[in-house]
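The primary structure of each chain is shown beneath.
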Amino acid sequence: MTLLALGINHKTAAVEVREQVAFTPLQLEAALTELRALPEVEEAALLSTCNRTELYCVMERDGEAAILDWLSRFHTLSVEQLSAAAYHYLDGDAARHLMRVAVGLDSMVLGEPQILGQLKDAYQAARSHKGLGGELERLFQHTFAVAKQVRTETGIGENPVSVAYAAVSMASRIFDNFRRSTALLIGAGETIELVARHLQEAGVRKLIVANRTRERAAQLADRIGGEAISLNEIPNALARADIVISSTAAPLPILGKGMVERAIKLRRHRPVFMVDIAVPRDIEPQVGELDDVFLYTVDDLHEVIEENRRHRKVAADKAEVLIEHGVTSWQHERRVRGAGDLIRRYRQQGEQMRADSEEQALAQLARGEDPEKVVARLARQLTNKLMHAPTLGLREASGAERQDLIEAAEALLFDSDSDPEAPPMTGTRQQDPS
């Protein structure tokens, strides 16, 4: 069986295509059931996010075309459309790709941590819908262990690399406990929503959303469990705010020095952290001159982001090394498991020979034959049966000049430690003991 990773992502397909290939949570069970039912597929898992859709399958060799056909039918897309955007990896390359995805090396934002949680959700869904067998189960568990090692030993996800995350990260330098903090967010666009999500994850106690249109502020506030106000209400809200982050398209500043100065007095000079993400600026530069105000602009954030990108690149290089170790370890374990079936069949064959010879010997003893002769015959028969197939195989290897097989047989059949004087095997014909 072959391991396959097949998918499309933000590097190979535009969002219009990714939308068409994405699986909704309601589609997952049906998709996994159909995929698993393909004759070529033994195990299957699906990962579907806004940036990627990937299928991980244990399949018969050359089963990739059938899986691609199924994906095109499920989403009513032509195979040509999918093929133009799809990538695929097999066996060790597939395992390596999964591990790189898990630690964020294949993400739009290098090292972003959310993908690992999404991958764990995909794993749980595959388990729930009976898509996993031993092969994928072990691969996912191994991948999660490698991802944990990478996160622990490289710190690849510690440094912020987005404006929103950098803003929240900088706020943590001022406030050691967000749970007692109130944040005022000015604007209601995507950046402010992302800031709100990061603040929520950090544990901020209360979020206030201010916008030119109160209705737009209310929509965002409802999604994040916050309070909505209009821009006219900012002066009153400012005195309550420990954190102020602004990102609007206003042509003139929204917060002036006087307004902030009055709020600081009402706050009894408790510190305020402010980030002005807007261009042109929402907060007058003179606000930064006030005591107890820590004001940063988008340029300050970009400096942090670029520095952190450099740190993440160093961490990414270390992560690649750890992943290579992880792939090598997984491949070794897989090869060992692959020999397990051969070992079982070989032992079963030996056990059957033993049982047949024992039965024959017991019957001879029951007929009153000489026990010494019965034992000698039993030993001779077992020896001949066990050595017959290897002997024939060695003869054929010798005739075909397969020195590699002869050398492998020597390593497998002789214990060099216990028999140091044993002569090396050659390609000469041996006497068949049978």
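Our structure is the block above this text.
Note that the coordinates shown come from a computational prediction; the quantities given were computed from them, not determined experimentally.

What counts, and where the lines are drawn
- Residues numbered from 1 in each chain as written.
- Predicted model: local features only at pLDDT ≥ 70, side-chain atom pairs only at ≥ 80, totals over all residues.
- Heavy atoms only, no water.
- Helix = DSSP H or I, 4+ residues; strand = E, 2+ residues; numbered from the N terminus.
- Expected span 1.5 Å × (residues − 1).
- Buried < 20%, exposed > 50% of the residue type's maximum accessible area, 1.4 Å probe, protein only.
- Contact = heavy atoms within 4.5 Å.
- Polar contact = N/O pair within 3.5 Å; in protein donor to acceptor, adjacent residues only side chain to side chain.
- Pairing = 2+ DSSP bridges.
- Right-handed = clockwise from strand over helix to strand, strands pointing away.
- Axes fitted to C-alpha atoms, helices over the stretch in contact; angles between N-to-C directions.
- Parallel < 35°, antiparallel > 145°, perpendicular 65-115°, else oblique.
- Left-handed = near helix turned anticlockwise from the far one by under 90°.
- 1 Å grid on protein atoms, 1.4 Å probe; cavity = no way out; pocket = protein on both sides within 12 Å on 5 of 7 lines; lining within 4 Å.
- Points joined across faces, edges and corners; volume = space filled by probe spheres on them.
- Nonpolar A, V, L, I, M, F, W, Y, C, P; charged D, E, K, R; others polar.

K.L.:
Help me get a handle on helix H9 (residues 190-202), residues and values and all.
P.N.:
Structurally, the α-helix is built with 3.6 residues per turn, so residues lying three or four positions apart point the same way. Along its 13 residues, H9 runs 18 Å from first to last C-alpha, staying within 8% of the 18 Å computed at 1.5 Å per residue. Every buried residue of H9 is accounted for by Ile192, Glu193, Val195, Ala196, His198 and Leu199. The inward-facing, buried residues of H9 contact helix H8 (163-171), strand S5 (182-186), strand S6 (206-211), helix H10 (214-224) and strand S8 (243-246). In the segment just after H9, Gly203 is the residue with positive phi, at about 100°.

K.L.:
Outline the environment of Asp300, supporting the account with residue identities and numerical values.
P.N.:
Secondary-structure assignment places Asp300 in helix H13 (residues 298-366). Separated by 137 residues in sequence, Asp300 and Val163 have C-alpha atoms that sit 9.9 Å apart. Within the local environment of Asp300, its side chain forms a polar contact with the backbone nitrogen of Thr297, the two atoms lying 2.9 Å apart.

K.L.:
How would you summarise the pairing of S5 if you had to cite specific residues and measurements?
P.N.:
Burial runs high along S5: 5 of the 5 residues are buried. Here S5 shows no split at all, with Thr182, Leu184 and Ile186 on one side and Ala183 and Leu185 on the other all buried. Looking at chain direction, S5 and S6 are connected through 5 bridges and run parallel. Looking across to S6, one finds that Thr182 is bridged to Lys206. Read as a crossover between parallel neighbours, the route from S5 over H9 to S6 is right-handed. When S5 meets S8, the two strands line up parallel, connected through 4 bridges.

K.L.:
How would you summarise the packing of H9 against H10 if you had to cite specific residues and measurements?
P.N.:
One can describe the packing of H9 onto H10 by two numbers: an axis separation of 11 Å at closest approach and a directional angle of 25°. Classified by the angle between their axes, H9 and H10 sit roughly parallel to one another. Along this stretch, H9 crosses H10, giving a crossing that reads as right-handed. Between H9, through Ile192, Glu193, Ala196, Arg197 and Gln200, and H10, the contact on the second element is made entirely by Leu220, Arg223 and Ile224.

K.L.:
Give me the lowdown on the sheet that holds strand S3 (residues 52-59), citing residues and values where you can.
P.N.:
Read from one edge to the other, the open sheet built from 4 strands follows the order S2-S3-S1-S4, with strand pairing classed as antiparallel. Of all the strands in the sheet, just strand S2 (41-48) and strand S4 (87-90) have a single pairing partner and so form its edges. Going from strand to strand, the sheet's axes swing by 15° on average, the running direction of each strand aside. Taken together, the 7 bridges between S2 and S3 define a ladder with antiparallel strand orientation. Counterpart to Leu46 in the pairing with S3 is Leu55.

K.L.:
Could you give me a rundown of empty space enclosed by the protein, with the residues and numbers involved?
P.N.:
Enumeration according to the criterion identifies 2 cavities of 30 Å³ or more in this entry. For the largest cavity, the full set of lining residues is Leu6, Gly7, Ile8, Val21, Thr53, Leu68, Leu71, Leu82 and Ala86. Mapped onto the lining of the largest cavity, the elements with two or more residues apiece are strand S1 (2-9) and helix H3 (64-74). Ranked by the residues each element gives to the lining of the largest cavity, the list is headed by S1, at 3 residues. Looking at the lining of the largest cavity residue by residue, the class counts come to 7 nonpolar, 2 polar and no charged. Forming the boundary of the second largest cavity are Val17, Gln20, Leu77, Gln81 and Leu82. Residue assignment for the lining of the second largest cavity shows that the elements contributing at least two residues are helix H1 (15-21) and helix H4 (79-85). The class makeup of the residues in the lining of the second largest cavity is 3 nonpolar, 2 polar and no charged.

K.L.:
Please give an account of the packing of helix H6 (residues 114-128) against helix H7 (residues 134-154) that cites residues and values.
P.N.:
Axis separation between H6 and H7 bottoms out at 11 Å; the angle between their running directions is 160°. With respect to each other, H6 and H7 are oriented roughly antiparallel. In the crossing of H6 with H7, the sense of the turn from one axis to the other is left-handed. Facing Leu116, Leu119, Lys120, Tyr123 and Arg127 of H6, the residues of H7 in contact are Glu137, Phe140, Gln141, Thr143, Phe144 and Ala147. Looking at side-chain class alone, the contact of H6 with H7 contains 6 nonpolar, 2 polar and 3 charged residues.

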